[in-house]
Amino acid sequence: MGHDHLQAFVSGFKVPNENSPPGTHRGSKCIYLRSLSSAEHAESIALWEATKWAKERNMQQAVFEMDSKIVVDAVNNKSFNIDWRLRNLILDIKVFFSRFKSWHYVHVHKECNKVADSLSKLARIECVSGVWLLKPPQEISAKVQEEANIVSTHS
């Protein structure tokens, strides 16, 4: 069984499936966030939302791809160094995450995940929160296709 990937960036993430061909959209979500103390704060909230969404969708295996190495390291390591205001949120994520042995968090550079970056910008610039399970907004569909083309040329 393949892993689902949740890519969480600031306030947007998507759910592709390794078993589906590149360019297949299985779900995406963006959340408009206000009153954040830092990029790590936004990334931590996005990760919390992505983790809850994966559970709601009954994902047994998942890889959470994030562009914040600080947050990925905090979640993956027993000891971590992060803003004290985020410590309890990170601990909550770790406890929740520990129930799912086939879930993993990995660092991916922002430039390598245009879909999640576009979702983040949509939330931030347009002040939009939304979930798209079947058909995402046009700008997101275009990025899904771009990523599919990159995967196809490197396969």
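First, a word on what this report is: a plain description of the structure on this page. Sequence order sets the numbering: in each chain, residues are counted from 1 along the sequence as written. Confidence filtering applies because this is a predicted model: local features only for residues at pLDDT of at least 70, side-chain atom pairs given and counted only at 80 or more, and all residues used for totals across whole chains, interfaces and linings. For the side-chain quantities, the full set of heavy atoms in the structure was used; hydrogens and water were omitted.

**Concerning the overall build of the chain**
Across its full length, the chain carries five helices and six strands. By definition, any uninterrupted DSSP run of H or I lasting at least four residues is a helix, any uninterrupted run of E lasting at least two residues is a strand, and each is numbered from the N terminus. When the helices and strands of the chain are listed from N to C terminus, the series reads β-β-β-α-β-α-α-β-α-β-α. A simple rule labels every residue: compare its accessible area, found with a 1.4 Å probe on the protein chains alone, to the largest value its type can have, and call it buried under 20%, exposed over 50%, or partly exposed in between. With 155 residues in all, the chain has 47% of them scored as buried. Any two residues whose heavy atoms approach within 4.5 Å at even a single point are treated as in contact. Looking at the chain alone, contacts between residues at least 24 apart form 69% of all its contacts between residues at least 6 apart. Where accessible areas are quoted, they stem from the Shrake-Rupley method and a 1.4 Å probe; at the residue level, only the protein chains shown are allowed to cover. Of the accessible surface of the chain, which amounts to about 8400 Å², a share of 52% is contributed by carbon and sulfur atoms.

**With respect to a nonpolar patch on the surface**
Taken together, the side chains of Val131, Leu133 and Leu134 present a nonpolar region at the surface, about 320 Å² in accessible area. Here Leu134 shows up in the loop between strand E6 (130–132) and helix H5 (138–154). Judged by its relative accessible area of 78%, Leu134 is exposed. Patch definition: residues above 30% relative accessible area lacking any salt bridge, with like charges linked at up to 9 Å and the nonpolar side chains Val, Leu, Ile, Met, Phe, Trp and Tyr linked at up to 5 Å. Salt bridges are defined as contacts in which a side-chain nitrogen from Lys or Arg sits within 4 Å of a carboxyl oxygen from Asp or Glu.

**Re the packing of helix H1 (residues 39–56) against helix H2 (residues 69–76)**
Simply put, an axis is a line fit to the C-alpha atoms, just over the touching stretch for a helix, and the angle between two N-to-C directions goes from 0 to 180 degrees. Two elements in contact, H1 and H2, have axes separated by 9 Å at closest approach and are oriented at 55°. On the basis of the axis angle, H1 is oblique to H2. Remark: the crossing between H1 and H2 carries right-handed chirality. Contacts from Glu40, Glu43, Ser44 and Leu47 of H1 reach H2 at Ile70, Val71 and Val75. Under this grouping Gly is polar, as are all residues other than the nonpolar Ala, Val, Leu, Ile, Met, Phe, Trp, Tyr, Cys and Pro and the charged Asp, Glu, Lys and Arg. Here the contact of H1 with H2 is built from residues that sort into four nonpolar, one polar and two charged. We call two directions roughly parallel when the angle between them is under 35 degrees, roughly antiparallel when it is over 145, roughly perpendicular when it lies between 65 and 115, and oblique otherwise. Each crossing gets its handedness from the near helix: less than a right angle anticlockwise from the far helix is left-handed, clockwise is right-handed.

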